[in-house]
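Residue strings, one per chain:
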There are 2 protein chains.
Amino acid sequence: MGSRPDFSYVAKLMADSSRAAMLEALLDLDGLPASELAKRANISLQTASGHLTKLVEGNLLNVEKHGRHRYYRIAHVDVAQAIEMLTVIAPPPKINSLKDSSRAKNIQIARTCYDHLAGKLGVLLTKALIEKGYLYEDENNFLVTAEGEQFFYDFNIDLDALRQKRRHLTRKCLDWSERHYHLAGALGNGILIRLFDLGWIERLPGRAVKVTDTGEKGLYETLGITTKELI
Amino acid sequence: MGSRPDFSYVAKLMADSSRAAMLEALLDLDGLPASELAKRANISLQTASGHLTKLVEGNLLNVEKHGRHRYYRIAHVDVAQAIEMLTVIAPPPKINSLKDSSRAKNIQIARTCYDHLAGKLGVLLTKALIEKGYLYEDENNFLVTAEGEQFFYDFNIDLDALRQKRRHLTRKCLDWSERHYHLAGALGNGILIRLFDLGWIERLPGRAVKVTDTGEKGLYETLGITTKELI
DNA sequence: TTCATAGTTCGATTATAACCGAAGTTTCTA
DNA sequence: TAGAAACTTCGGTTATAATCGAACTATGAA
């Protein structure tokens, strides 16, 4: 009879909102300890411990013991992919007021996704980097080319420093609003920080972000991105 | 805060075993009425009704009213994709005895997936049809080419009759054992039936299937498939 | 050795939702 | 117009699991 894997078992692991919060945190920041995950999910350490055990048993997470700490990470790219697929079909958050609706628009144009750029701008930027030959798109990841090494050096992003960090240099992140991949990982974070430093982008209320006048000029000159494409 | 869609909401809808059984049934057979789905999930009609309402509200399913019947179908390819991704990361069904283990092997080589061919043989067959130019692989589906029309006619599969059926002619089905797509839908079913009729394959206990001696010869001559590839 | 920090295990409480019987609505058939 | 079939709604029961307090283990620091 049941000779197929039971997908509802995995769905059940993802269905609890506390576990979902922890998974979401781990999607971008690999290797968080239980206490940190408990905080992010707004639950006690005991409860978190129980949830994490279940997630490890279900092969959604891996643990690494380092002294008295336990660092959790997503067990496999497939897990991240599955979560992203679920996000794509999940209903968009409710819009109650007029303020909410303009916020919703802004957030689709450009926003931060944890610590990197997402939305139309995030996808456009990633595409531009690929077209210019600075990034190469793999099935599961983005890779920095030799030209890319030079470009990021010129752009004042220190790849070697980023590689030291305890996380992936690059990572594919499925954009739920654009249904395309954008760049995440340490490099995605590095680019975001650099764009803020340059004053090319500014924070709007919430997670939304707007391109400044300098940014408009800069993005066009370095990567050929026009803000018209953002609409 | 919550400006991202909540994937745990979708996961919750898929997490219940009764709902999962109904979704699984609908993955291959589009357009089943509530009563049929209740039977397949082994629950009462009342319970099924409640579940189906939730699945429609969550945009996982669509309903079409035809008189006093209500035909349910998967709302979007993305939903099927998401379920298949979950199946890929779900733990394989437990193997208890020696019998189970040889059965598990057989089932990975060739099996029926509802009403079409899956496993190594299913994937190989699909690949062969593509290589010969009979099938064209789209992002979301397989399409029959002009050469394909001729081939299936010669192979005694009536495409026009299959097109009359109330289901997709072709459909991509992600193979959880092979991690590749194989052909499903009315054509996938038509091929399975034809292969049984020709005596090229035979049922083993369970869902497993074996290639006969005639089948070995036939598959090689028509599509260049050797059983060595099946191992 | 002592204390603190990180995490686990146990037990009791509580909230959620799956389930079905019974009664209702809608549509088809005769 | 009556009756049956397909499905929904309501109400009460029950099972599951998320939650945290309290007590435990293990590692590190003083």
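Definitions and cut-offs
Residues numbered from 1 in each chain as written. Chains lettered and ligands numbered in written order. Predicted model: local features only at pLDDT ≥ 70, side-chain atom pairs only at ≥ 80, totals over all residues. Heavy atoms only, no water. Contact = heavy atoms within 4.5 Å. Buried area = accessible area lost by both parts, 1.4 Å probe. Polar contact = N/O pair within 3.5 Å; in protein donor to acceptor, adjacent residues only side chain to side chain. Helix = DSSP H or I, 4+ residues; strand = E, 2+ residues; numbered from the N terminus. Nonpolar A, V, L, I, M, F, W, Y, C, P; charged D, E, K, R; others polar. Least-squares fit on C-alpha atoms with pLDDT ≥ 70 in both. Near = heavy atom within 4 Å. Domains from an automatic or database assignment. Expected span 1.5 Å × (residues − 1). Buried < 20%, exposed > 50% of the residue type's maximum accessible area, 1.4 Å probe, protein only. Salt bridge = Lys/Arg side-chain N within 4 Å of Asp/Glu carboxyl O. Pairing = 2+ DSSP bridges. Axes fitted to C-alpha atoms, helices over the stretch in contact; angles between N-to-C directions.

*Asks:* Help me get a handle on the interface of chain A and chain B, residues and values and all.
*Replies:* Listed by partner, the interface residues are 40 residues for chain A and 40 residues for chain B. Both sides together, the interface formed by chain A and chain B hides about 3,800 Å², and carbon and sulfur atoms give 70% of it. The largest share of the area that chain A buries against chain B comes from A:Arg4, A:Pro5 and A:Phe7, three residues that together contribute 23% of it. Counting the contacts that link chain A with chain B gives zero residue pairs in polar contact (both at pLDDT 80 or more). Mapped onto the side of chain A that touches chain B, the elements with two or more residues apiece are helix H1 (7–15), helix H2 (17–28) and helix H5 (77–89) of chain A. Ranked by residues supplied to the side of chain A that touches chain B, first place goes to H5(A) with ten residues. Tallied by class, the residues present in the side of chain A that touches chain B amount to 25 nonpolar, seven polar and eight charged.

*Asks:* Describe in detail the relation of the copies chain A and chain B, supporting the description with residues and values.
*Replies:* Expressed as a screw transformation, the operator carrying chain A onto chain B has a rotation angle of 180° and an axial translation of 0.1 Å, and the superposed copies differ by an RMSD of 0.1 Å. The symmetry that links the two subunits is that of a two-fold axis. Proximity to the rotation axis, assessed at the C-alpha, singles out A:Ala11 in chain A; its C-alpha lies 2.4 Å from the axis. Taken as a fraction of all interface residues of chain A, those also at the interface in chain B reach 100%, which identifies the copy contact as same-surface.

*Asks:* I'd love a proper account of the protein's contact with DNA strand D, names of residues and values included.
*Replies:* In the vicinity of DNA strand D lie 21 residues, with A:Gln46, A:Thr47, A:His51, A:Lys54 and B:Ser49 positioned nearest. A breakdown of the atoms of DNA strand D within 4 Å of the protein gives sugar and phosphate a share of 71%. Within the side chain of A:His51, an N or O atom sits 2.5 Å from a phosphate oxygen of DNA strand D. B:Ser49 is positioned such that a nitrogen or oxygen atom in its side chain is 2.3 Å from a phosphate oxygen of DNA strand D. Mapped by element, the contributors of at least two residues to the surface near DNA strand D are H2 and helix H4 (45–57) of chain A together with helix H3 (34–41), helix H4 (45–57) and strand S3 (69–74) of chain B. When residues in the surface near DNA strand D are grouped by element, the largest group, four residues, is from H4(A). Here the surface near DNA strand D is built from residues that sort into five nonpolar, ten polar and six charged.

*Asks:* Hey, could you go over the protein's contact with DNA strand C for me, with residue numbers and the actual values?
*Replies:* Neighbouring residues of DNA strand C: 21 residues in total, closest A:Ser49, B:Gln46, B:Thr47, B:His51 and B:Lys54. What you see for DNA strand C is that sugar and phosphate hold 69% of its atoms within 4 Å of the protein. Here a base oxygen of DNA strand C and a side-chain polar atom of A:Arg68 are 2.9 Å apart. Between DNA strand C and B:Ser44 there is a distance of 3.0 Å, counted from a phosphate oxygen to a backbone nitrogen or oxygen. For the surface near DNA strand C, the elements supplying multiple residues, two or more each, are helix H3 (34–41), H4 and strand S3 (69–74) of chain A together with helix H2 (17–28) and H4 of chain B.

*Asks:* Provide a residue-level description of the domain arrangement of chain A, including the pertinent values.
*Replies:* How big an interface is tends to be expressed through the accessible area that disappears when the partners come together. All names here are of chain A. Here the domain parsing of chain A yields domain 1 (7–78) and domain 2 (94–230). Taking only C-alpha atoms, the centre of domain 1 and the centre of domain 2 are 27 Å apart. Between domain 1 and domain 2, the residue contacts involve eight residues of the former and nine residues of the latter. Of the roughly 820 Å² buried at the junction of domain 1 and domain 2 (both faces included), carbon and sulfur atoms supply 43%.

*Asks:* Could you give me a rundown of H5(A), with the residues and numbers involved?
*Replies:* The end-to-end C-alpha distance of H5(A) is 19 Å, a good match for the 18 Å that 13 residues give at a rise of 1.5 Å each. H5(A) sits mainly inside the fold: twelve of its 13 residues count as buried.

*Asks:* For the pattern of salt bridges, give the residues involved together with the corresponding values.
*Replies:* All names here are of chain B. Using the criterion set out here, one finds ten salt bridges over all chains in the structure. For Arg 163, the salt bridge is made with Asp 160, and the minimal N-O distance between the two is 3.7 Å. Of the two residues, Arg 163 and Asp 160 are both situated in helix H9 (residues 159–164); the distance of three residues between them amounts to about one turn of the helix. We classify Asp 160 as exposed; its relative accessible area is 51%.

*Asks:* Lay out the sheet that holds strand S2 (residues 61–66) of chain B with the relevant residues and their values.
*Replies:* Residue and element names in this part refer to chain B. The sheet built from three strands is open, its strands ordered S1-S3-S2 with antiparallel pairing. Unpaired on one side and paired on the other, strand S1 (32–33) and S2 mark the two borders of the sheet. For S2 and S3, the ladder comprises six bridges, and the chain directions are antiparallel. Paired with Asn 62 across the two strands is Arg 73, which belongs to S3. Against the sheet, H4 touches S2 and S3, its axis set at about 115° to S2.

*Asks:* Outline unusual backbone geometry, supporting the account with residue identities and numerical values.
*Replies:* In this model, A:Asn42 sits at a positive phi of 60°, which is unusual for a non-glycine residue. Note that A:Asn42 resides in the loop between H3 and H4.

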